[in-house]
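Inside the fold
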Amino acid sequence: MTDGPIVPVRVMIVDDDPLILTVFTKELDAQPTVSVCATAAGGEQALETLSWRRHHIDVILLDISMPGLNGIQTARAIHRKLPDLPIVMFTAFNDEKTLSEALTEGVKGFITKDESVEDVATALIRATKDMPTMSAHPIELLVSAYQSEQRRQHEAAQARRKIMNLPPRLRNVHDFLLKGLTNRQIARRSGISENTTRIYVSDLLHRLGYASREELMAASLLEAPKVPHTEKPICNITEAAES
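Residues numbered from 1 in each chain as written. Predicted model: local features only at pLDDT ≥ 70, side-chain atom pairs only at ≥ 80, totals over all residues. Heavy atoms only, no water.

Points about the pairing of strand β1 (residues 9-14)
Counting buried positions along β1 gives 5 out of 6 residues, so the element sits mostly inside the fold. Here 6 bridges tie β1 to strand β2 (residues 34-40), and the two strands are oriented parallel to one another. Opposite Val11, over in β2, you have Val36 as the bridge partner. Viewed along the sheet, the connection from β1 through helix α1 (residues 18-29) into β2 turns out right-handed. (Buried < 20%, exposed > 50% of the residue type's maximum accessible area, 1.4 Å probe, protein only. Helix = DSSP H or I, 4+ residues; strand = E, 2+ residues; numbered from the N terminus. Pairing = 2+ DSSP bridges. Right-handed = clockwise from strand over helix to strand, strands pointing away.)

What to know about the packing of aromatic side chains
This structure, assessed with the given rule, holds 1 aromatic pair. In this arrangement the basic side chain of Arg169 is found over the ring face of Tyr200, its NZ or CZ atom lying 5.4 Å from the centre. (Phe/Tyr/Trp six-rings, centres within 6.5 Å; stacked < 30°, edge-to-face > 60°. Lys NZ or Arg CZ within 6 Å of the ring centre and 35° of its normal.)

Remarks on the pattern of salt bridges
Under the definition given, this model contains 5 salt bridges. Where Asp58 meets Arg10, a salt bridge forms, and the shortest distance between an N and an O atom there is 2.9 Å. On the criterion of sequence distance, the pair formed by Asp58 in the loop between α2 (43-53) and β3 (59-62) and Arg10 in strand β1 is long-range, its members being 48 residues apart. With a relative accessible area of 25%, Asp58 lands in the partly exposed category. (Salt bridge = Lys/Arg side-chain N within 4 Å of Asp/Glu carboxyl O.)

Considerations on the sheet that holds strand β5 (residues 109-111)
Strands sit in the order β2-β1-β3-β4-β5-β6 across an open sheet of 6 strands; the sheet is parallel. Since the sheet does not close on itself, it has two edges, and those belong to β2 and β6 (133-134), each with one partner. With 2 bridges joining them, β5 and β6 adopt parallel strand pairing. Across the sheet, Phe110 pairs through a bridge with Met134, a residue of β6. Strands in contact with helix α3 (residues 71-81) are β3 and β4 (87-90); relative to β4, the strand with the most contacts, it is inclined by about 175°. (Contact = heavy atoms within 4.5 Å. Axes fitted to C-alpha atoms, helices over the stretch in contact; angles between N-to-C directions.)

Section: the environment of Glu215
Along the polypeptide, Glu215 turns up in helix α10 (residues 213-223). Classification of Glu215 by relative accessible area gives partly exposed; the value is 36%. Separated by 10 residues in sequence, Glu215 and Leu205 have C-alpha atoms that sit 9.2 Å apart. Ignoring anything within four residues of it in the chain, the contact list for Glu215 reads Gly209 and Tyr210. In this structure the side chain of Glu215 is engaged in a polar contact, spanning 3.4 Å, whose partner is the backbone nitrogen of Ala211. (Polar contact = N/O pair within 3.5 Å; in protein donor to acceptor, adjacent residues only side chain to side chain.)

Brief notes about the pairing of β3
Here is the key point about a regular strand: its side chains alternate between the two faces of the sheet. Where burial is concerned, the two faces of β3 agree: the one with Val59 and Leu61 and the one with Ile60 and Leu62 are both buried. The pairing of β1 with β3 spans 4 bridges and is classified as parallel. Across the sheet, residue Val11 finds its bridge partner in β3, namely Val59. Alignment of β3 against β4, held across 3 bridges, turns out to be parallel. Bridge pairing links Leu61 to Val88 in β4.

Side note on the packing of helix α7 (residues 168-178) against helix α8 (residues 183-190)
Packing of α7 against α8 leaves a shortest axis separation of 10 Å and a crossing angle of 135°. Here α7 lies oblique to α8, going by the angle between them. Every pair of crossing elements has a handedness; the one defined by α7 and α8 is right-handed. For the pair α7 and α8, the contacting residues are Asn172, Val173, Phe176 and Leu177 in the first and Ile186, Arg189 and Ser190 in the second. Among the residues making up the contact of α7 with α8, the classes are represented as 4 nonpolar, 2 polar and 1 charged. (Parallel < 35°, antiparallel > 145°, perpendicular 65-115°, else oblique. Left-handed = near helix turned anticlockwise from the far one by under 90°. Nonpolar A, V, L, I, M, F, W, Y, C, P; charged D, E, K, R; others polar.)

Some words on the environment of Glu27
Checked against the element boundaries, Glu27 lands in helix α1. With relative accessibility at 39%, the residue Glu27 sits in the partly exposed group. Considering only alpha carbons, one finds Glu27 and Glu118, 91 residues apart in sequence, at a separation of 9.3 Å.

Written as structure tokens, this is what we have:
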């Protein structure tokens, strides 16, 4: 029994680089498993072509950095109208943000332009089989982004634990500082003296590891710890004895 003839995967290439649309397209089309049946120099042209050639295209090889509609916007528009049409991004990734944005648009793979024509053809075939495919650099970006997020979550968890372990008087002061209150305003709301407030603020910053209240507020924007807030008058032992 002999195998039947190879049915090449029909590819559409979307890229504003003339070399990609000419030299690379010719090289890719020469692969026995791939047939380049359409090209477009930008997102708008790609969408126009897809409107009348959808059933003749199996997979799209899409550049990210293009004038007009960029790759992310184009992928979003294609995925909205043709959710089953696989898309493989073909570009040089510089940051994990671009990678994450592309993932949210249903992109099946990421191939960098330094890959061989044979590897690109293999990636396109995998995409048509609903199999993820990715070059080494995007994988490194994903790993780096994951590790950075893990570190951020760990640091945020540590910050939350420190805040939860604060005595009530300092936790109250912490809440007031995040609201941007001055020492005088904190003193009035807490029923303590300004001098005691300064001591509490200094103690709070020392315990949390911040050099200033500005640094505390900046860190809170990144960590966003959710701590129950209770605005209660702070009773200082010395002041209670004096009264």
